[in-house]
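Spelled out, the chains give:
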Amino acid sequence: MVLSPPVLAGERGFAPAFPHFPPAAAAVASLAPHECRWPLGEPGDAGFVFCGGTRLPHGSYCAVHARTAGPATAGRGGRA
């Protein structure tokens, strides 16, 4: 599996596309379906972003963050 380097959601300029969303919601809404949803920082803080790396096929996180989250999230199916 080839992992793409993380593209932090905060680096994309998501605010214009989602001006009515709180910053954290706009950041996650700006992620593509294949991008990791692991939060980096605290919602509401300046610089809060999501990982944005390539997600595993079944889950919300990339390989690194799925291992960090533990076995309950690493391989689960269903909604991500």
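Overview of the structure. Sequence order as written defines residue numbering, which begins from 1 separately in each chain. Local features in this predicted model are restricted to residues whose pLDDT is 70 or higher, and side-chain atom pairs enter the listing and the counts only when it is 80 or higher, whereas totals over whole chains, interfaces and linings include all residues. To obtain the side-chain values, all non-hydrogen atoms of the structure were used and water was disregarded.

The pairing test for Phe, Tyr and Trp rings, Trp by its six-membered ring, is centres within 6.5 Å, and the orientation test on the planes gives stacked under 30 degrees, edge-to-face over 60, and tilted for anything in between. Scanning all chains against the criterion turns up two aromatic pairs. Seen from their ring centres, W38 and Y61 are 5.1 Å apart, and the 75° between their planes marks the pair as edge-to-face. Within this pair, whereas W38 is found in the loop between α1 (23-29) and β1 (39-40), its partner Y61 is found in the loop between β2 (49-50) and α2 (63-69), the two being separated by 23 residues in sequence. Here a helix means four or more residues in a row that DSSP labels H or I, a strand means two or more in a row labelled E, and each is numbered from the N terminus.

Turning next to the state of the cysteines. Criterion for a disulfide: a pair of cysteine sulfur atoms within 2.5 Å. Across all of its chains, the model carries zero disulfides by this definition. You can see C36 has no disulfide; the closest cysteine sulfur is in C62, sitting 3.8 Å from it. Classification of residues uses two cut-offs on accessible area relative to the type maximum, computed with a 1.4 Å probe and protein chains only: under 20% is buried, over 50% is exposed, and between them is partly exposed. Classification of C62 by relative accessible area gives buried; the value is 9%.

Turning our eyes to something else, we now look at the side chain of E35. Among the secondary structure elements, E35 is positioned in the loop between α1 and β1. Residue class for E35 comes out buried when judged on its relative accessible area of 8%. By the criterion applied in these results, polar contacts are pairs of N or O atoms within 3.5 Å in which, for protein atoms, one can donate a hydrogen and the other can accept it, and in which residues neighboring in sequence qualify only through two side-chain atoms. Side-chain polar atoms of E35 contact the backbone nitrogen of A32, separated by 2.6 Å.

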